[in-house]
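Chain by chain, the residues run as shown.
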Amino acid sequence: MASVTSRDVQLIVSKLSSDKPKSREEGIKLLNTWLEGERSISFCKYIGRNTALLKPNEIPHGKDISVYMIQNAETWPFLISLLIKCVSLEVSASKRRSPKLLFAKTLRIVVHRAEDTKFSGRNLLLLSVVKVLFNHIWDVLKDDARSQDDLSFQYEYGIILRHLLEVRHYQFHMTKRVYCSLVRLYMGKVETSLSVECSGQLNSKEDPIEKKKNPKEDVFRSILTLHSLLDNPPGDFPDVLREDIVNGFVGIFSYVRGEGKTLRKLIECINTYLVKDGPNLGCQSLEIHDAAQQFVFRCWIMTHDRGLKDALVLYARLQLNLTRGATDGNAILEQLLDVIGKELDQFNVSSANSTWSDTARDDKCGTLTRSQCHLVELAALVFCRTLMFGVLGQACVNTSRAPSAEKRSRREHAASHLKERLMKGKWLWQVLN
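Sequence order as written defines residue numbering, which begins from 1 separately in each chain. Since the coordinates come from a predicted model, pLDDT governs what is reported: local features require at least 70, and pairs of side-chain atoms require 80 or more to be given and counted, while whole-chain, interface and lining totals use all residues. Calculation of side-chain values draws on the structure's entire complement of heavy atoms; hydrogens and water are dropped beforehand.

Colleague: An account of the overall build of the protein chain is requested, with residue identities and associated values reported.
Modeller: Labels follow the DSSP assignment, with helices taken as runs of H or I lasting at least four residues and strands as runs of E lasting at least two, numbered in each case from the N terminus. A count of helical and extended segments in the protein chain gives 20 helices and zero strands. With residues, only the protein chains shown are counted as cover, and all accessible areas are computed by Shrake-Rupley using a 1.4 Å probe. Within the structure as shown, the protein chain displays about 21700 Å² of accessible surface, and the carbon and sulfur contribution to it stands at 51%.

Colleague: Describe the packing of aromatic side chains, and please don't skip the residues or the numbers.
Modeller: To pair, rings of Phe, Tyr and Trp, with the six-membered ring standing in for Trp, must have centres within 6.5 Å; the planes then decide the type, stacked if under 30 degrees apart, edge-to-face if over 60, and tilted in the middle. This model, assessed by the stated rule, comprises seven aromatic pairs. Geometrically, the ring pair formed by phenylalanine 153 and tyrosine 157 is stacked, given 5.6 Å between the ring centres and 20 degrees between the ring planes. Residue phenylalanine 153 and its partner tyrosine 157 are both found in helix α9 (residues 148-166); the two are separated by four residues, about one turn of the helix. Aromatic ring contacts, followed pair by pair, group Tyr179, Phe237, Phe249 and Tyr273 into a single cluster. Cation over ring: arginine 39 sits above tryptophan 34, and NZ or CZ is 3.7 Å from the ring centre. Charge-over-ring contacts are defined here by two conditions on Lys NZ or Arg CZ: a distance within 6 Å of the ring centre and an angle within 35 degrees of the ring normal. The residue whose ring lies beneath arginine 221 is tyrosine 155, and the NZ or CZ to ring-centre distance is 4.0 Å.

Colleague: Outline the nonpolar core, supporting the account with residue identities and numerical values.
Modeller: To define a nonpolar core, start from buried Ala, Val, Leu, Ile, Met, Phe, Trp, Tyr and Cys residues and group those joined through side-chain atoms within 4.5 Å. Under the scheme applied here, a residue whose accessible area is under 20% of the maximum for its type counts as buried, over 50% as exposed, and between as partly exposed, the area being computed with a 1.4 Å probe on protein chains only. Of all hydrophobic cores here, the largest spans 110 residues; its most connected members are Phe43, Trp76, Leu230, Phe249 and Trp300. Per-element accounting of this core gives the leading share, ten residues, to helix α10 (residues 176-199).

Colleague: Lay out unusual backbone geometry with the relevant residues and their values.
Modeller: Where the residue is not glycine, phi is negative for most of them; where a peptide bond is considered, it is trans in most cases. The backbone phi angle of leucine 124 is positive, close to 60 degrees, even though this residue is not glycine. Within the secondary structure layout, leucine 124 lies in the loop between α7 (117-120) and α8 (130-141). Given the relative accessible area of 25%, leucine 124 is considered partly exposed. One non-glycine residue, histidine 169, adopts positive backbone phi at about 90 degrees. Following the sequence through the fold, histidine 169 ends up in the loop between α9 and α10.

Colleague: Help me get a handle on the pattern of salt bridges, residues and values and all.
Modeller: For this analysis, a salt bridge means a side-chain nitrogen from Lys or Arg found within 4 Å of a carboxyl oxygen belonging to Asp or Glu. Scanning the entire structure with this criterion turns up 17 salt bridges. For glutamate 25, the salt bridge is made with lysine 29, and the minimal N-O distance between the two is 3.7 Å. Within this pair, glutamate 25 and its partner lysine 29 are both found in helix α2 (residues 21-34), separated by four residues, close to a single helical turn. The class for lysine 29 is partly exposed, based on a relative accessible area of 46%. Lysine 100 is paired through a salt bridge with glutamate 25; the nearest N and O atoms lie 2.6 Å apart. Of this pair, lysine 100 sits in the loop between α5 (76-92) and α6 (101-114) while glutamate 25 sits in helix α2; the two residues are 75 residues apart in sequence, bridging distant segments of the chain. Residue classification places lysine 100 among the partly exposed positions, given a relative accessible area of 34%. Overlapping salt bridges bring together Glu25, Lys29 and Lys100 as one network.

Colleague: Outline the environment of arginine 385, supporting the account with residue identities and numerical values.
Modeller: Here arginine 385 lies in helix α18 (residues 370-395). A relative accessible area of 17% means that arginine 385 is categorised as buried. With 52 residues separating them along the chain, arginine 385 and leucine 333 place their C-alpha atoms 7.8 Å apart.

Colleague: Pulling in residues and values, what's your account of the packing of α10 against helix α12 (residues 215-231)?
Modeller: Each axis is a line fitted through C-alpha atoms, and for a helix only the stretch in contact is used; angles between axes span 0 to 180 degrees, taken between their N-to-C directions. Between α10 and α12, the shortest axis-to-axis distance is 9 Å and the interhelical angle comes to 155 degrees. Here α10 is positioned roughly antiparallel relative to α12, judged by the angle of their axes. The two elements α10 and α12 cross, and the hand of that crossing is left-handed. The segment α10 lies against α12, with Tyr179, Leu182, Val183, Tyr186, Met187, Lys189, Val190, Ser193, Leu194, Val196 and Glu197 engaging Pro215, Lys216, Asp218, Val219, Ser222, Ile223, Thr225, Leu226, Leu229 and Leu230. Considered class by class, the residues forming the contact of α10 with α12 number 14 nonpolar, three polar and four charged. Orientation categories follow fixed angle ranges, with anything under 35 degrees roughly parallel, anything over 145 roughly antiparallel, 65 to 115 roughly perpendicular, and all other angles oblique. The hand of a helix crossing depends on one turn: near helix anticlockwise from the far one by less than a right angle means left-handed, and clockwise means right-handed. Note on contacts: a residue pair qualifies if any of its non-hydrogen atoms lie within 4.5 Å across the two residues. Under this grouping Gly is polar, as are all residues other than the nonpolar Ala, Val, Leu, Ile, Met, Phe, Trp, Tyr, Cys and Pro and the charged Asp, Glu, Lys and Arg.

Colleague: I'd like a description of the confidence of the model for the protein chain, backed by residues and values.
Modeller: Summary statistics for the protein chain give a mean pLDDT of 80 and a share of 74% for residues scoring 70 or more. Contacts for the low-pLDDT stretch residues 348-365, under 50 throughout, to residues beyond four places or in other chains number 33 contacts. Scored below 50 in pLDDT, residues 391-403 makes six contacts in the model with residues more than four places away or belonging to other chains. Per-residue confidence from the predictor is given as pLDDT, running between 0 and 100.

Colleague: Can you explain the packing of helix α16 (residues 306-322) against helix α17 (residues 330-345)? Please cite residues and give values.
Modeller: Between α16 and α17, whose axes approach to 12 Å, the crossing angle comes to 150 degrees. In this structure, the crossing between α16 and α17 has a hand that is left-handed. Contacts between α16 and α17 involve Arg306, Lys309, Ala316, Gln319 and Leu320 from the former and Ile332, Leu333, Leu336 and Glu343 from the latter. Here the residues of the contact of α16 with α17 are counted per class, giving five nonpolar, one polar and three charged.

The structure is reproduced here in structure tokens:
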């Protein structure tokens, strides 16, 4: 296995720092030879050790190589600073052509290697440049008028962004301006990709360029990145962004038509946002539900995707908790009464040994899988909330008008429905007893 030397690294640095595009490209190719195969182990360990030894006042930023000691230039932050400069120059020079994909791929590989603790034994080695990286990612992604080759370039940057967001603490170094811009960007990407997929307007038979596009893959990648952004905000969600997120989800569901991994990830995305920012939404959570309800409940009954059903169970529970006490929240209860009843009816004693999802069984639930346990918990919440709604309505008779006949009928229907199913001995219904 070839061992890297300081001279090897300095040659890479020299080429990447050149004012000549050809020399910078040679530097990118030379760097890639050290990032592939067995040579990458020696190279990454060498750079990782040097980075781990840096003191805060010795961290290079790649602005002027001459002002730093040679050994400080042989670090991940310095190499990434050089790569950011190289990519920026490549993108700015690509007005009449697509930027070369190799530049983006190289930056993605370097970021991944730098955060691999097996090389240095340390984490957060990019802390000194992560803010610059986030700003650079936004600068590259904000130009949305891209050709097919440019989309591949942006895909690489989406992977870099997701990788950085997965590292704990890095998101706090992203400015609110960049964060809000990226969330709005990916909200728009998801909606645009879904509209393309929904309308089927890719004229693949007539246009060979359009034929290469894959809107399903586009929307899934965009949802993945949007999910990472919503799961890792740099603090509290800014007030100016909240309405844009709600309107974004409303717009997205106007184009949702089918199920599968895309819908499952989209529901998980909404669930993440409701967990993170739901208490601050107020009635805005119902705006999301109003847009999603028709598709969500139809899909809940028809789908065989157990992972999707798990996500829908969590979605329903979150919405119930967020609309507690809200008059408009009663509509969700009515919808869930019907759906939950049908869902519980699907299971009998023989299905007790069937696996709902890949999750492990919970010993506390006996023969229930974790997914079935979550369904039963939701069912208990729905029936208790429905019955309590009527009881509370009667308790308030002295301070407000008595519950209407419709509400009383709904409460009595829920009680009789529960009693009927328990008497029939349906398996999952018995768990509610």
